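Structural description and commentary
Now for the letters of each chain:
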Amino acid sequence: MNKENTDRILGYKCIGCDEEYPVEPFQYQCPKCKSNLDVQYNYKLIREIWSVEDLKQFPYQSLWRYHPLLPVENPPDNLSMQSGGTPLISFPNLLTDIGKINLYIKDDTRNPSGSLKDRATEVGIRHADELGKDTIVAASTGNAAASLAALAAFYEKKAVILAPASAPPAKLTQILQYGAILYPVDGTYDDAFDLSILVAEANGWYSRSTGINPVLAEGKKTVGLEIAEQLNWQVPNKIFVPTGDGCIIAGIYKGFLDLVRLGWISKLPQLIAVQAEGSPAIVNALNSGKPMVPVQSNTIADSISVDQPRDAEKAIIAVQKTKGFGITVTDDEILVAQSRLARNTGVFAEPAAAASFAGFLKAMKRGTIHAGDSIVILASGTGLKDIPAAQEKIDIPKAQPATLEGFLTFYNENKKK
Ligand SMILES: *Cc1c(COP(=O)(O)O)cnc(C)c1O
Ligand SMILES: [Zn+2]
């Protein structure tokens, strides 16, 4: 084992009471106050052992190119699965109602299981491996479960998923295809979450639960590191982030902070938390200046439908420290944005992921975007996972005669649209 690899990681710090803990024994949350923990690095050492030049030499586009900033000793042996390393699609000098802007779509629909969750799972599985754990458990109905099931299949780990029995069959299908053990809980998502903690403890399994595991946000931060590298260390003005529990936006903040601490960038982008109007707990807290109050969530954007965001505290800090803001969008605005995004950019995003584009369109109307700005929209998951939602704004045409005349009539009617 390379000593530099372990010395990079100093330990964990509680975001509630500031208490610090060593790397070992690994603990999910602060034993004193039950708040979430944040991984602490020795940036002075990292600056000595790693440079932009080293990064350029790294042969893989996978997120493991940022290994010196990740809380595991070594990358996996086999880097060919490529989680992360997704394209930053650019629309330079795009003419909009407010003038020209530089628009970028960070296309994380292109991860192995189709969502940004693969970044967290990669690092989580590697961490589990270094702790000598073979079985990993998660409570989820959606992308986190599919991601764990997929990457567990690749890394030869056992995935155990606890999901409410009422979850949509399409989502459960992806989990089962990858060969995970699915335990359908007769209860709500919160029941499944609480049970997953008990199950992990009772069996000594590793928990891939965003709400409690500090290692997962470190995986998610790699999307921020990539955006900075892809923009050649020119920080964008704003990044629109679809927000549920708040782990992604907190991770992106951490990623940019890491780069400031390394001296590779000198300022932070404004982080914009976009939530559904039917699931607005974090945006409510941002707008009121008061602590987060749980809501009864209800939105078509299931991946950001959360009653009680489990990383709210970190998410709120991320927005406030970067002088960003929170914005909510209606389900209709999300569905309209979903089809506009697909038509105008070629990126088919699921409703939660299209929420960031909807938030951008709304912010532009409100005058919070300015000519010359560079804007990144985070597309966090693929639309192929939720076809029924996408069909809300689509009419599949009925069968037409197999004649040239029939075709031309149809074509002339439809080309106007
Ligand atoms: C999980 C998820 C989100 C929200 O991430 P949080 O960390 O819960 O804020 C957004 N989009 C997609 C596609 C997701 O799967
Ligand atoms: Zn604490």
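Here is a short report on the structure shown in this document. The structure presented is a predicted model; accordingly, all values stated were derived computationally and were not measured. (Residues numbered from 1 in each chain as written. Chains lettered and ligands numbered in written order. Predicted model: local features only at pLDDT ≥ 70, side-chain atom pairs only at ≥ 80, totals over all residues. Heavy atoms only, no water.)

1. Things to note about the overall build of the protein chain
Worth spelling out the cut-off: Helix and strand assignments come from DSSP, with helices taken as H or I runs of at least 4 residues and strands as E runs of at least 2, each series counted from the N terminus. The size measure is the radius of gyration over C-alpha atoms, and the globule rule it meets is 2.2 Å times the number of residues to the 0.38 power. The contact rule is simple, with two residues in contact once any of their heavy atoms fall within 4.5 Å.
Helices and strands together make up the secondary structure of the protein chain, namely 16 helices and 13 strands. The C-alpha atoms of the protein chain give a radius of gyration of 21 Å, which matches the 22 Å a tight globule of 417 residues would have. Overall, the protein chain is about 75 × 50 × 45 Å in size when its C-alpha atoms are taken along their principal axes. Excluding contacts between residues fewer than 6 apart, the proportion of contacts in the protein chain whose partners are at least 24 apart in sequence is 69%.

2. Remarks on the coordination of the zinc ion (ligand 2)
Test applied: Only N, O and S atoms count as donors, using a 2.8 Å cut-off from the metal and 3.2 Å for Na, K and Ca, and because water is excluded some sites may appear unfinished. Just to be clear on the cut-offs, tetrahedral is four donors with all angles between 85 and 135 degrees, square planar is four donors and octahedral six with opposite donors over 155 degrees apart and all others between 65 and 115, and anything else goes down as irregular. When accessible area is computed with a 1.4 Å probe and restricted to protein chains, residues below 20% of their type maximum are described as buried, those above 50% as exposed, and intermediate ones as partly exposed.
Bound to the zinc ion (ligand 2) on the protein side are Cys14 (SG), Cys17 (SG), Cys30 (SG) and Cys33 (SG), at distances that span 2.3 Å. What the four donor atoms of the zinc ion (ligand 2) show is an angle range of 96 to 117 degrees at the metal, which sorts the shape as tetrahedral. Sequence spacing among the residues donating to the zinc ion (ligand 2) works out to C-x2-C-x12-C-x2-C. Residue Cys30 is classed as buried on the basis of its relative accessible area, which comes to 1%. Classification of Cys33 by relative accessible area gives partly exposed; the value is 32%.

3. Brief notes about the pattern of salt bridges
Threshold: By convention in these notes, a salt bridge is any Lys or Arg side-chain nitrogen within 4 Å of a carboxyl oxygen on Asp or Glu.
Under the counting rule described, the total for this entry stands at 19 salt bridges. Glu226 is the salt-bridge partner of Arg119, the closest N and O atoms lying 2.8 Å from each other. Note that Arg119 is positioned in helix H4 (residues 117–130) and Glu226 in helix H9 (residues 222–230), a separation of 107 residues in sequence. Classification of Glu226 as buried rests on a relative accessible area of 3%. Each of Asp38, Glu218, Lys221, Lys254 and Asp258 takes part in one network of salt bridges that share partners.

4. A few points about the pairing of strand S4 (residues 88–96)
Applied cut-off: If DSSP finds at least two bridges between two strands, the strands pair.
Here S4 pairs with strand S5 (residues 99–107) via seven bridges, running antiparallel. In the strand pairing of S5, Leu88 is matched with Lys106. Following S4, the chain reverses through two residues before pairing antiparallel with S5.

5. Let's talk about helix H13 (residues 331–345)
The test is simple: Here, expected helix span is obtained from the residue count minus one, scaled by 1.5 Å. Arc definition: it is the arc formed by the directions from the helix axis to the C-beta atoms.
For H13, with 15 residues, the first-to-last C-alpha span of 21 Å sits near the 21 Å given by 1.5 Å per residue. Those residues of H13 that fall on the buried side of the exposure criterion are Ile334, Leu335, Ala337, Gln338, Leu341 and Thr345. Taken around the axis of H13, the buried residues stretch over an arc of 165 degrees, which confines them to a single face. The inward-facing, buried residues of H13 contact S4, S5, strand S11 (270–276), strand S12 (325–329), helix H14 (351–365) and helix H15 (387–390).

6. Observations regarding the site of ligand 1
Note the cut-off: Residues are counted as near a molecule or strand when any one of their heavy atoms sits within 4 Å of it. Whenever a nitrogen or oxygen atom comes within 3.5 Å of another N or O atom, the pair is scored as a polar contact, on the condition that within protein one atom can donate a hydrogen and the other can accept it, and that pairs from neighbouring residues in sequence are kept only if both atoms are in side chains. The Shrake-Rupley method, run with a 1.4 Å probe, gives the accessible areas here. Residue values count only the displayed protein chains as cover. The nonpolar class holds Ala, Val, Leu, Ile, Met, Phe, Trp, Tyr, Cys and Pro. Asp, Glu, Lys and Arg form the charged class, and all remaining residues, Gly among them, are polar.
Around ligand 1, 16 residues are found, and the nearest of them are Lys117, Asn143, Gly244, Asp245 and Ser380. Within the backbone of Gly246, one N or O atom sits 2.8 Å away from an oxygen atom of ligand 1. Measuring from an oxygen atom of ligand 1, one finds a backbone N or O atom of Ile248 at 2.9 Å. Isolated, ligand 1 exposes 380 Å² of accessible area, and the fraction of that covered by the protein chains is 96%. Within the shell around ligand 1, the residues separate by chemical class into five nonpolar, seven polar and four charged.

7. What to know about the sheet that holds strand S1 (residues 9–14)
Across a sheet, strands are paired by hydrogen bonds formed along the backbone, either parallel or antiparallel in direction. The three strands are arranged S2-S1-S3 in an open sheet whose pairing can be described as antiparallel. Both edges of this open sheet fall to strand S2 (20–21) and strand S3 (37–41), since each of them pairs with a single strand only. Bridge count between S1 and S2: two bridges; the pairing is antiparallel. In the sheet register, Lys13 faces S2, and the bridge partner there is Glu20.

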